[in-house]
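Chains, contacts and geometry: an overview
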Amino acid sequence: MKSIQFNFRRQCQQDPEEAGSDSVSDLVDIDFAEPPATQDEDSASSSLNTGVAPASPTSAGGKQYKYNAQWEKAFPWLHLEGNVMFCKYCKAEPQLAGKLSSFVVGNPHLKKDTVKKHNASKKHIECRDIHIIKSTNEYPVTVQSALRRQNNFPASHFTSPLKMTTPQYDLSHTLPPHTLTRLAREWLAEDTPNFDPAGLCVGSHEVEAKLLCKTPCSVLAGRPFFTAVFTELSCTVEWAHIEGAQLGPDAVAQTAVVRGPARCVLLGERPALNCLARASGIATRCSQLQSIAREAGWHGHVAGTRKTTPGFRLVEKYAMLVGGVSMHRQDLSGMVMLKDNHIWASGSITQAVRNARSVCGFSSKIEVECGSREEGSEAATAGADIVMLDNFKPQELHAAAQLLKEEFPSVLIEASGGVTPDSLPQYLSPHVDIISLGCITQGCPVVDFSLKVQKPVAFPIIFQSQ
Ligand SMILES: [Zn+2]
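Throughout, a residue's number is its position along its own chain's written sequence, starting from 1. pLDDT decides what is reported in this predicted model: residues at 70 or higher carry local features, side-chain atom pairs at 80 or more are listed and counted, and totals for whole chains, interfaces and linings draw on all residues regardless.

Side-chain direction in a regular strand flips from residue to residue, so the side chains alternate between the two faces of the sheet. Across 8 bridges, the pairing between strand S5 (residues 206-213) and strand S7 (residues 253-261) is antiparallel. By the bridge assignment, Cys213 is partnered in S7 with Ala253. When strand S6 (residues 236-239) meets S7, the two strands line up antiparallel, connected through 4 bridges. Along S7, the bridge assignment pairs Glu238 with Val257. At least two DSSP bridges between two strands are needed for those strands to be called paired. Per the convention used, a helix needs a DSSP run of H or I reaching at least four residues, while a strand needs a run of E reaching at least two, with both numbered from the N terminus.

Next up, the structure:
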């Protein structure tokens, strides 16, 4: 019994890379018989644990084991095929679960404890969450993973598969309230710098306006900004969908209701819609890119860039988070990226990296844009944390990334330059950690939203001459 549990732990709890030559064939092979139809879960478990021999099983080490179909009620992932049981979720994600995981290739162990331990294992939970995303299109889960990837995981975790096991995050908590207020006031002031003549026509009676989305299958993003605009105007917003929700295939989807004084609703309409349309467009594109990467089995980071609209970066970066991709660096202050112009101006890659390190110390990563594998080697040798292979053709990228990873396993490799949603699959490589795309923010289609006041505004104000 001990050897069985030991083997199982090695199979289930270690990373496949660390499991060495351990494989299912090392395990004690146990056959089983179908359980009696009347046997319930507990009695099956107790008969296994006490070693009481069932009707006609095969023995192993003096113990008797058998599969109990009742377990499938508690563990919907459990599946029996041939003479082995396996996990449907892990089997569908061999790259994530690891080929050496016994529940990917089939596990001959029939103890309920074995099933329970697998159910609680980290890799299984990750595979289960991917199954949920694929079967329900539940974007909030990808949103969680996006935020976790932003949390500066150490390099060893950087290329690890999606993390989706933490409690649900509310991404609006990343936005300081005073920033939302400031932006809302700026947008409103831009749109109405002084008088609002049309406000005179509609007055201040309470109205209700429906927010409609007219681009099917869009991902909703930008709720906090939309709400902040109307909060400034003493209006309220009641949302029908959570942030990151996919709005479905309908031609028109009601997304929210805005209530407040008529003139205030109309003052906020355009700034709020502008923001929501752009944020949702970016989140939709990010979600599509992330799906392409995940369906190909690639678990690196799809990332945005600094190619954002002046004055609008916070919203666009936030939309990347909602869409499930990495924001990349926020600005020049956040992380050092030495580009060709920096290299030329400072003389060499090595000198540029040394100069940068002398001021940013340990607290900031240094990335170097490289045009060849040789430049990448020089950058990594000089102490760069990330090597960006810029404007490489896909085949050149794969070869250079592999060589650099072999030489510098802890250095992150980023691919950038000219990657589009159509060409992204060609750039996916197990040796590339990050692929950044300017098209996430440049030339990204917006989502079509409109705001419709429900009751006709027909209360003209009559001036009386005195
Ligand atoms: Zn599993």
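A few words now on the sheet that holds S6. Read across the sheet, 4 strands follow the order S6-S7-S5-S14 without closing on themselves; strand pairing throughout is antiparallel. The open sheet has two free edges, formed respectively by S6 and strand S14 (449-453), since each of these has just one partner strand. With direction set aside, neighbouring strand axes in the sheet form an average angle of 25°. Whether two residues are in contact is decided by their C-beta atoms, placed from the backbone, lying within 7 Å. All axes are obtained by fitting lines to C-alpha atoms, using only the stretch in contact for helices, and the reported angles, taken between N-to-C directions, cover 0 to 180 degrees. Here helix H13 (residues 223-232) sits on the sheet and contacts S6 and S7; the angle it forms with S6, its principal contact strand, is near 150°. On the sheet, helix H14 (residues 262-295) packs against S5, S7 and S14 and is oriented at approximately 145° with respect to S7.

Here the focus is the environment of Val265. Note on placement: Val265 falls in helix H14. Along the backbone, Val265 and Val453 are 188 residues apart, and their C-alpha atoms lie at a distance of 8.6 Å. Those residues in contact with Val265, other than ones at most four positions away along the chain, are Val207, Ala209, Cys235, Val258, Gly260 and Val453.

This brings us to the nonpolar core. Under the definition applied here, buried Ala, Val, Leu, Ile, Met, Phe, Trp, Tyr and Cys residues are grouped into a nonpolar core through C-beta atoms within 7 Å. Our exposure labels follow a C-beta count within 10 Å of each residue's own C-beta, placed from the backbone: buried means 20 or more other C-beta atoms, exposed means 12 or fewer, and partly exposed covers the counts in between. Of all hydrophobic cores here, the largest spans 90 residues; its most connected members are Ala279, Val368, Val387, Leu389 and Ile435. Sort the elements by how many residues they give to this core and H14 lands first, with 16 residues. Split by domain, the residues of this core number at least three in each of domain 2 (171-288 + 447-453) and domain 3 (291-440). Apart from residues lying up to four places away in sequence, Val368 is in contact with Leu338, Ile349, Val353, Ala379, Ala384, Val387 and Met388. Residues Leu78, Phe86, Cys87 and Tyr89 belong to the second largest nonpolar core, which totals 16 residues. Domain start and stop points were drawn from an automatic or database domain assignment.

This part covers unusual backbone geometry. The phi torsion at Cys217 lies on the positive side, around 60°, for a residue other than glycine. Relative to the helices and strands, Cys217 resides in the loop between S5 and H13. For Asn391, which is not a glycine, the phi torsion comes out positive at approximately 60°. As for its position among the elements, Asn391 is in the loop between strand S11 (386-390) and helix H19 (394-407).

On to the packing of helix H18 (residues 373-382) against H19. It is at 10 Å that the axes of H18 and H19 come closest, and there the two elements cross at 25°. On the basis of the axis angle, H18 is roughly parallel to H19. Considering how the two elements wind past one another, H18 and H19 form a crossing that is right-handed. Taken together, the residues of H19 that come into contact with H18 (itself represented by Arg373, Gly376, Ser377 and Ala380) are Ala400, Leu403, Leu404 and Glu407. Classifying every residue of the contact of H18 with H19 gives 4 nonpolar, 2 polar and 2 charged. These descriptions rest on fixed angle ranges, namely under 35 degrees for roughly parallel, over 145 for roughly antiparallel, 65 to 115 for roughly perpendicular, and the rest for oblique. Crossing handedness is read from the near helix: turned anticlockwise from the far helix by less than a right angle, it gives a left-handed crossing, and turned clockwise, a right-handed one. The classification used treats Ala, Val, Leu, Ile, Met, Phe, Trp, Tyr, Cys and Pro as nonpolar, Asp, Glu, Lys and Arg as charged, and all other residues, Gly among them, as polar.

Next up on the list: the confidence of the model for the protein. Per-residue confidence from the predictor is reported as pLDDT, which spans 0 to 100. In this model, the protein carries a mean pLDDT of 78, and residues with pLDDT of at least 70 account for 73%. When mean pLDDT is compared element by element in the protein, H13 scores highest at 98, while helix H10 (residues 155-158) scores lowest at 29. In the model, residues 1-62 has pLDDT below 50 throughout and makes 91 contacts with residues more than four positions away in sequence or in other chains. Scored below 50 in pLDDT, residues 137-167 makes 63 contacts in the model with residues more than four places away or belonging to other chains.

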